[in-house]
Amino acid sequence: MSDDGDSLKRRIEDWMVGQMPIIQMHGGDSVVRKADEETGEVVVELGGACAGCGISNITANNIKSDLIMDFDDVTDVQVKVPSSGDHGASTVEGGRGGELQYGDEDPGHF
């Protein structure tokens, strides 16, 4: 993947910034962990208050469908929500590049 301003990851990060006011309004943050230009696979992690939010599944589904609709080169989107953790911006360093811990198990709050 190229590191220029037109890379898939950069374009998705820019797109997420446009979506962040909705996420941040609820105390959440996001980070693009993967954007593979060859396969179209994208991985986004939600952090902050998203970890305990009852509508984080709706947010995740909206991100998935919107990314696939808005980017012709995106074919598969995974949105991961931490099962527990900090509820502050430090979780994902303001939405870019922090170390976010998440679980694969269903937290049972949806």
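Residues numbered from 1 in each chain as written. Predicted model: local features only at pLDDT ≥ 70, side-chain atom pairs only at ≥ 80, totals over all residues. Heavy atoms only, no water.

The chain carries the name Fe-S cluster biogenesis protein NfuA, 4Fe-4S-binding domain in an unreviewed UniProt entry, which gives Halogeometricum rufum as its organism.

Colleague: Looking at this structure, I do not really get the pattern of salt bridges. What am I missing?
Modeller: Tallied over the full model, the rule gives five salt bridges. One salt bridge connects Glu-13 with Arg-10, and the closest N-O pair in it is separated by 2.9 Å. Here Arg-10 and Glu-13 lie together in helix 1 (residues 8-25), a separation of three residues that amounts to about one turn. With relative accessibility at 10%, the residue Glu-13 sits in the buried group. Here the residues in one salt-bridge network are Arg-10, Glu-13 and Asp-14, joined through shared partners. (Salt bridge = Lys/Arg side-chain N within 4 Å of Asp/Glu carboxyl O. Helix = DSSP H or I, 4+ residues; strand = E, 2+ residues; numbered from the N terminus. Buried < 20%, exposed > 50% of the residue type's maximum accessible area, 1.4 Å probe, protein only.)

Colleague: When you look at the sheet that holds strand 2 (residues 41-48) in this model, what are you seeing that I'm missing?
Modeller: The pairing of strands in a sheet comes from backbone hydrogen bonds and takes either a parallel or an antiparallel form. Taking strand neighbours across the sheet as the criterion, the three strands line up as 1-2-3 in an open arrangement whose pairing is mixed. Strands with a single pairing partner mark the edges of an open sheet, and in this sheet they are strand 1 (28-35) and strand 3 (76-80). Sheet twist, expressed as the mean angle between neighbouring strand axes with direction ignored, is 20°. Both strand 2 and strand 3 contribute to a ladder of five bridges, which runs parallel. Of the residues in strand 3, the one forming a bridge with Glu-45 is Lys-80. Helix-sheet contacts for helix 1 involve strand 1 and strand 2, and the interaxial angle to strand 1 is about 165°. Along the sheet, helix 2 (residues 56-70) makes contact with strand 2 and strand 3, crossing strand 3 at roughly 155°. (Pairing = 2+ DSSP bridges. Axes fitted to C-alpha atoms, helices over the stretch in contact; angles between N-to-C directions. Contact = heavy atoms within 4.5 Å.)

Colleague: Explain the environment of Glu-45 to me, please; I cannot follow it from the model alone.
Modeller: Among the secondary structure elements, Glu-45 is positioned in strand 2. Along the backbone, Glu-45 and Val-31 are 14 residues apart, and their C-alpha atoms lie at a distance of 5.4 Å. Looking at Glu-45, its side chain comes within polar contact range of the side chain of Arg-33, at 3.2 Å. (Polar contact = N/O pair within 3.5 Å; in protein donor to acceptor, adjacent residues only side chain to side chain.)

Colleague: What exactly am I supposed to notice about the confidence of the model for the chain here?
Modeller: Residues shown with low pLDDT carry predicted positions that ought not to be read at fine detail. Looking at the chain as a whole, its pLDDT mean stands at 76, while 71% of the residues score no less than 70. Between the elements of the chain, mean pLDDT differs from a low of 87, seen in helix 1, to a high of 95, seen in strand 3. Overall, residues 85-110 carries pLDDT values under 50, and its contacts beyond four positions in sequence, including any with other chains, amount to 63 contacts. (pLDDT = per-residue confidence, 0-100.)

Colleague: Looking at this model, I keep getting lost on helix 1. Mind explaining?
Modeller: One full turn of an α-helix is made of 3.6 residues, so residues set three or four places apart face in the same direction. Its 18 residues give helix 1 an end-to-end C-alpha distance of 26 Å, which sits within 8% of 26 Å, the value for a rise of 1.5 Å per residue. At Gln-19, helix 1 shows its strongest bend, of approximately 50°, with the proline Pro-21 following within four residues. Among all positions of helix 1, only Leu-8, Ile-12, Glu-13, Trp-15, Met-16, Met-20 and Ile-23 are buried. Note on helix 1: the residue one or two positions beyond its end, Gly-27, has a positive phi of about 85°. (Expected span 1.5 Å × (residues − 1). Bend = angle between axes of the 7 residues up to and from the residue.)

Colleague: What is the right way to read helix 2 from this model?
Modeller: Between its first and last C-alpha atoms helix 2 spans 20 Å; for 15 residues at 1.5 Å apiece the expected length is 21 Å, and the two agree. Listing the buried residues of helix 2 in full gives Ser-56, Ala-60, Ile-63 and Leu-67. Buried residues of helix 2, viewed axially, fall in a sector of 60°; they line one side. Against helix 1, strand 2 and strand 3 lie the buried residues of helix 2. (Arc of directions from axis to C-beta.)

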